[in-house]
Structures are given as C-alpha cells and as structure tokens.
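Spelled out from the first residue to the last, the chains are:
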Amino acid sequence: MSPFVRLQMMLLLGNVAFIGAWAVALSRPAGWQWIGILLLAFFVALRVGGTWLRARKFPDDTGRSRKAAQLSTVIALLAVALWVYTALRGPA
C-alpha cells in the first residue's frame with residue numbers, strides 16, 4: 001500500500017472518530033464525556049496530524065499542502081469548539 005493511501009485512510013479514520021464523538025455527545029450514554037473527549041483527541045491527532053504529515057512528505061512548489069494543513073487545523077479547532085459548546089449546553 002502506498003504512503004499516500006495510508007495517509008488518506010488516516011484522515012478518513014479521523015473523520016469517523018469525529019462523527020463518533022458527535023454521536024456520543026448527542027446520545028449521552030454512561031461515561032459519555034470521557035468517550036467523547038477520547039474520540040475528539042483521536043480526531044485531532046489523525047486529522048490535523050495527517051494533513052501536516054502529508055504537507056511535509058508531499059511538498060509542492062506553490063505551498064498548497066501547507067495552506068491546506070493550516071486550514072484543516074483551523075477547521076478542526078472550530079469543530080472541537082462546537083462539540084465542547086454542544087456538550088456543555090446539551091442537545092436541543
């Protein structure tokens with residue numbers, strides 16, 4: 001399997017972890033805070049780490065990889081902030 005495919009799978013797993021964190025936040029099973037926080041940490045590590053790893057391993061002359069990694073970092077932080085806000089406030 002090529003390194004690029006592995007990186008793409010890593011990003012996909014990060015997205016799945018984020019969806020799982022939202023499912024946990026909205027359904028609120030026992031111990032949901034810890035499970036949600038672990039899934040969010042997994043999301044940030046895989047998604048943000050994966051985009052920065054891809055930017056380092058596959059650089060381009062225009063800097064698009066680096067800009068994409070920066071944008072992905074900002075979006076991930078906003079997504080985590082929205083999850084925390086929803087978890088603290090409770091589902092509607």
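What you see is a predicted model, and the numbers here were worked out from it, not measured in a lab.

Here is what the cut-offs are and how they apply
- Residues numbered from 1 in each chain as written.
- Predicted model: local features only at pLDDT ≥ 70, side-chain atom pairs only at ≥ 80, totals over all residues.
- Heavy atoms only, no water.
- Phe/Tyr/Trp six-rings, centres within 6.5 Å; stacked < 30°, edge-to-face > 60°.
- Helix = DSSP H or I, 4+ residues; strand = E, 2+ residues; numbered from the N terminus.
- Buried < 20%, exposed > 50% of the residue type's maximum accessible area, 1.4 Å probe, protein only.
- Axes fitted to C-alpha atoms, helices over the stretch in contact; angles between N-to-C directions.
- Parallel < 35°, antiparallel > 145°, perpendicular 65-115°, else oblique.
- Left-handed = near helix turned anticlockwise from the far one by under 90°.
- Contact = heavy atoms within 4.5 Å.
- Nonpolar A, V, L, I, M, F, W, Y, C, P; charged D, E, K, R; others polar.

(A) Geometry of the packing of aromatic side chains. Enumeration according to the criterion identifies four aromatic pairs in this entry. Their ring planes at 35° and their centres at 4.6 Å tell us that Phe18 and Phe43 sit as a pair that is tilted. Of the two residues, Phe18 sits in helix H1 (residues 3-27) while Phe43 sits in helix H2 (residues 32-57), which places them 25 residues apart along the sequence. For Phe18, a relative accessible area of 17% corresponds to the buried category. Taking relative accessible area as the criterion, Phe43 reaches 5% and is therefore assigned buried. Pairwise contacts between aromatic rings join Phe18, Trp22 and Phe43 into one cluster.

(B) Up close: the packing of H1 against helix H3 (residues 64-89). Orientation of H1 relative to H3, taken along the N-to-C sense of each, is 10°, at an axis distance of 10 Å. Considered as vectors, H1 and H3 are oriented roughly parallel to each other. Where H1 crosses over H3, the handedness of that crossing is left-handed. Where H1 abuts H3, its residues Phe18, Ala21, Trp22, Ala25 and Leu26 lie against Ala79, Leu82, Trp83 and Thr86. A class-by-class count of the residues in the contact of H1 with H3 yields eight nonpolar, one polar and no charged.

(C) Focus on the packing of H1 against H2. The contact between H1 and H2 brings their axes to 8 Å, and the two run at 155°. When the axes of H1 and H2 are compared, the pair comes out roughly antiparallel. Considering the relative orientation of H1 and H2, their crossing is left-handed. When grouped by side-chain class, the residues that make up the contact of H1 with H2 number 18 nonpolar, eight polar and two charged.

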